[in-house]
Amino acid sequence: MSRPEVPTVVFVGQPNGGKSTLFNSLAGPKAETSNFPGTSVKHTHSRVVLDGRPLDIVDLPGTYSLCPADPAERVALTHLFSERPDLIVNVVDASTFSRGLELTLELIELGRPMVIALNMIDVAERRGVEIDAAEVERLLGVPVVPTIAAYGRGVRELVDRSFEVLDRGRPPRPPRYAADVEDVIAGIEQALPPTFPAAPNPRFVAVKLIEMAGQGCASYLGEVEPEVQAAVERGRETLARRRGAPAYEVIAAERHHQAMKLAEETGKVRHGRRLTRDKRIDAVLMHPFLGYVILAAVFLAFFFVIFRIGSPLETLLLKPFAALRSGLAARLGNGLAFYLAEGLVQGVGGGIGIVLPYFLPLLLLMAALEDSGYLARAGFLLDAFMHRIGLHGKSVSPFILGFGCNVPAIVSTRGLESRRDRVLTSILIPFIPCSARTTIVLALIAFYLGPLWAAGFYAANILVVALAGWAVSRFMTEPSPGLILEIPSLKAPRPGALLRKTGLQVLSFIRFAWPLLIGGSLVLSLLVYFRADRWINDLLAPLVVRGLGLPHELGVTLVFGFLRKELSLIMMLQALGVDYTNLLSVVSREQIVVFTVFISFFIPCLSTFVMLWKETGKKWAFVSAGLSIAVALALSWLVRLVL
Amino acid sequence: MTLLDAPAGEPLRIVDLCGGEAVRRRLLALGFHRDDLIQLDGRAILRGPLLVRNCASDTTVALGRGVARQVVVEPAHEPA
């Protein structure tokens, strides 16, 4: 039977199960993947044509269960509830099979057509686990396809089985629980109004009501109806009384036992050779002493490699642009044409010559760090330190992602359970030097004063984050819920995935940021030509000249830093009218440091500010901006005093 | 005893999950239930988190001390 509309296929699975990797192999490189719980927090839609048939495929954020504990997981449940997918592809990590099955059982309860991708069977085999996929299929009544998404294995069969289910599949039969639980479920099912609008099926709603009543899902579960509410309360009390545990625990335990039983019946575990190599690596990575040595080494190497690749590239790439610029000056004289041409050369050259040499290696290394699973280990190691600033180890991943770009870092705080932690982490992220600021630090401080100065800058920066966190958390009285963080298995990052991820980000740089850089340079050219830059500079002179001790011309560049931080760097050269290599002829080393410090801190860039507003609200976005300005002024003044 | 006082590297059985509902729900979702066999794989310095492995699903989580204090365990005998 073929439907007139395009069927929707939804990918659901627990975090780190390779769900996004599998999704990508079908969708093309549109969803980003990473190896940290909660990094793909937005859901990704993609229209694809497979075997000549159009499909809407959706990658939902990884979720441990359908009882959401954080906003990212809530996305998964609300989507499943409101969208009524035509097919659910449940991606189960074979190496953690018995736990993954608990989500599978919940999904089966939804009563939608379903296929299971038993993914990462290679990792499972390395761990000494063998799973009889055919037996799982027989017991669950759901097609099971073993896959290794990373190498594209099993994907073909998964597509075939998916179409089979789409065409003539019946929804699977929901699992049955113990008799007393079934009684309670039936009681609530009967209390549900027959025309309940959002219900995928009454049984699922009844089970979810038992588990989730009072957990903020009232509106779409229909909990608001007084009769339903009374029935749910009665049912929950009955279960709690009979079993001596809260109702949600009873359901969780029922599901857990079924999953364990199923895993035992279908899996063989060969003890003795369970992942000895990975375990030994982990013992070193999370060693109480060596772990920290490695962590420090990883970070030092990170920036050292970026600088070692970036700075010679930068010198090399800027040469032709400098030549072009002097050639233009000789040919075009001093008219408007020259100013516009100069702005164009500065904007284009700045993007290629200054930004990309540092941006590219940083993206590649960041992607490798993310995919390897190291971020979770860093979270484990740094948890104790994070407690000093009112947070815990789960915020380490958003912070480290912030070194790439603050915007996705703020989005990734959706993986944190409490609002307090999300807000605190989000308003601290703008203090993390993102790739744009790293470019400025490496291109100015490391290039002109030496890499050690840059290292000092980063150390001071981390201290600033810590102090700001400590200070802000004084005002947040609500306690943090404490750390529960999964440590996913280590994965060797695959070059293909790294390149794809980096390529995506470079593409978005070329599409959005670079035009902004070129446009900004052109605007500056016009301002200079019409002598309008003076007004802005005069206006800012008290701050720029008297406060920071910087040249008068730099005032206008600070204003544009709000759009993109690199823009200030490129405009700085243009405003001072010098080439990159002879910058020191017009400013001193101290002024370079002051400029960098001020630009780095003075305000979150526009996109970061917008994201902060969206995720934490207006109040906290302004608190963060205010905090940034205060810190920038204080630090720049301090640097001026010291140097 | 709680997980905080448990010996490392030996099989343990979860006797009870205490603490607030949010913490218990999170532990259940991550596959840590009453009667499960777990093992303490390591402790971070400076009163940092504990590394806990679930023997059945072979998953590892880092638990902060506040959370670990809520997990009551007893030594379990290795299954033959």
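What you see is a predicted model, and the numbers here were worked out from it, not measured in a lab. Per-chain numbering applies: the sequence of each chain, read as written, is numbered from 1 onward. In the order they appear in the text, chains get letters beginning with A and ligands get numbers beginning with 1. The model is predicted, so local features are restricted to residues of pLDDT at least 70 and side-chain atom pairs to those at 80 or more, both for listing and for counting; the totals for chains, interfaces and linings are taken over all residues. To get the side-chain values, take all heavy atoms of the structure and skip hydrogens and water.

**A look at the packing of aromatic side chains**
Residues and elements named next belong to chain A.
Line of reasoning, step 1. Stacked, edge-to-face and tilted labels apply to pairs of Phe, Tyr and Trp rings (six-membered ring for Trp) whose centres lie within 6.5 Å, assigned for plane angles under 30 degrees, over 60, and everything in between, in that order. Summed over the entire model, instances satisfying the criterion amount to 18 aromatic pairs over all chains.
Line of reasoning, step 2. Summarising the aromatic geometry, the rings of phenylalanine 11 and phenylalanine 23 are spaced 5.4 Å apart at their centres and angled 85° between planes, so their arrangement reads as edge-to-face. Of the two residues, phenylalanine 11 sits in strand β1 (residues 8-13) while phenylalanine 23 sits in helix α1 (residues 19-27), which places them 12 residues apart along the sequence. The two residues phenylalanine 11 and phenylalanine 23 agree in class, both being buried.
Line of reasoning, step 3. Taking 6.4 Å as the distance between ring centres and 40° as the angle between the ring planes, the aromatic pair formed by phenylalanine 299 and phenylalanine 302 counts as tilted. Of the two residues, phenylalanine 299 and phenylalanine 302 both sit in helix α13 (residues 290-332), 3 residues apart, roughly one turn of that helix.
Line of reasoning, step 4. Relative accessibility thresholds used throughout: buried, under 20% of the residue-type maximum; exposed, over 50%; partly exposed, between the two (1.4 Å probe, protein chains only). What makes phenylalanine 299 partly exposed here is its relative accessible area of 22%.
Line of reasoning, step 5. Given the relative accessible area of 7%, phenylalanine 302 is considered buried.
Line of reasoning, step 6. Each member of the aromatic cluster is reached from another via a ring pair, and the members are Phe299, Phe302, Phe303, Phe403, Phe431, Phe457, Tyr458 and Phe601. Where helices and strands are cited, they refer to DSSP runs of H or I of at least four residues and of E of at least two residues respectively, numbered from the N terminus.

**Comments concerning the interface of chain B and chain A**
Line of reasoning, step 1. Whether two residues are in contact is decided by their heavy atoms: any pair within 4.5 Å suffices. The interface of chain B with chain A comprises 33 residues on the first partner and 43 residues on the second.
Line of reasoning, step 2. Accessible surface is computed with a 1.4 Å probe, and the buried area is the amount of it that two parts give up when combined, taken over both parts together. Together chain B and chain A conceal approximately 3200 Å² of surface at their shared face, both sides included; 58% is due to carbon and sulfur atoms.
Line of reasoning, step 3. Think of a salt bridge as a Lys or Arg side-chain nitrogen and an Asp or Glu carboxyl oxygen that are within 4 Å of each other. Put simply, arginine 34 of chain B and glutamate 249 of chain A hold a salt bridge, and the shortest N to O gap is 3.3 Å.
Line of reasoning, step 4. Whenever two N or O atoms come within 3.5 Å, that pair is a polar contact, provided that in protein one can donate a hydrogen and the other can accept it, and provided that, for residues adjacent in sequence, both atoms are side-chain atoms. Across the contact surface, chain B and chain A share 15 residue pairs in polar contact (both at pLDDT 80 or more).
Line of reasoning, step 5. Looking at the side of chain B that touches chain A, the elements with two or more residues in it are α1 (21-29), β3 (50-54) and β4 (59-63) of chain B.
Line of reasoning, step 6. No other element matches α1 of chain B, which puts 8 residues into the side of chain B that touches chain A.
Line of reasoning, step 7. Under the grouping applied here, Gly and all other residues not named as nonpolar or charged are polar, the nonpolar ones being Ala, Val, Leu, Ile, Met, Phe, Trp, Tyr, Cys and Pro and the charged ones Asp, Glu, Lys and Arg. Of the residues assigned to the side of chain B that touches chain A, the class counts are 17 nonpolar, 7 polar and 9 charged.
Line of reasoning, step 8. Where strand β9 (residues 484-487) of chain A lies against β4 of chain B, 4 bridges are found, and the strand directions are antiparallel. Looking at β4 of chain B, one finds that isoleucine 484 of chain A is bridged to leucine 63 of chain B. Strand pairing is defined by DSSP finding a minimum of two bridges between the two strands.

**Observations concerning the domain arrangement of chain A**
Line of reasoning, step 1. Split into domains, chain A comes out as domain 1 (1-271) and domain 2 (287-478 + 494-642).
Line of reasoning, step 2. Those domain boundaries reflect an automatic or database domain assignment. Relative placement of domain 1 of chain A and domain 2 of chain A: their C-alpha centres are 41 Å apart.

**Focus on empty space enclosed by the protein**
Line of reasoning, step 1. Here the term cavity refers to a set of points on a 1 Å grid, laid over the protein atoms alone, in which a 1.4 Å probe fits but cannot get out; the term pocket refers to an open set having protein on both sides within 12 Å along at least five of seven lines, with lining residues being those that place an atom within 4 Å of a point. Grid points are joined across faces, edges and corners, and a volume is the space filled by probe spheres set on the points. Scanning the entire structure with this criterion turns up 8 cavities of 30 Å³ or more.
Line of reasoning, step 2. Taken as a whole, the largest cavity spans an internal volume of roughly 200 Å³.
Line of reasoning, step 3. Together, 16 residues line the largest cavity, and Ser65, Glu211 and Ala252 of chain A together with Leu28 and Ala29 of chain B are the ones closest to its centre.
Line of reasoning, step 4. Elements supplying a minimum of two residues to the lining of the largest cavity: α3 (97-110) and α11 (247-266) of chain A together with α1 of chain B.
Line of reasoning, step 5. Counting residues per element, the lining of the largest cavity draws most heavily on α1 of chain B, which supplies 4 residues.

**Examining the pattern of salt bridges**
Line of reasoning, step 1. On inspection of all chains with the given rule, the structure shows 35 salt bridges over all chains.
Line of reasoning, step 2. Where arginine 255 of chain A meets glutamate 106 of chain A, a salt bridge forms, and the shortest distance between an N and an O atom there is 3.8 Å. Here arginine 255 of chain A is found in helix α11, whereas its partner glutamate 106 of chain A is found in helix α3, with 149 residues between them in sequence. The residues arginine 255 of chain A and glutamate 106 of chain A share a single accessibility class, namely buried.
Line of reasoning, step 3. A salt bridge links glutamate 182 of chain A to arginine 176 of chain A; its shortest N-O distance comes to 3.3 Å.
Line of reasoning, step 4. Taking relative accessible area as the criterion, glutamate 182 of chain A reaches 14% and is therefore assigned buried.
Line of reasoning, step 5. Among the charged side chains, a network of salt bridges with common partners joins Asp70, Glu73, Lys394 and Glu417 of chain A together with Arg26 of chain B.

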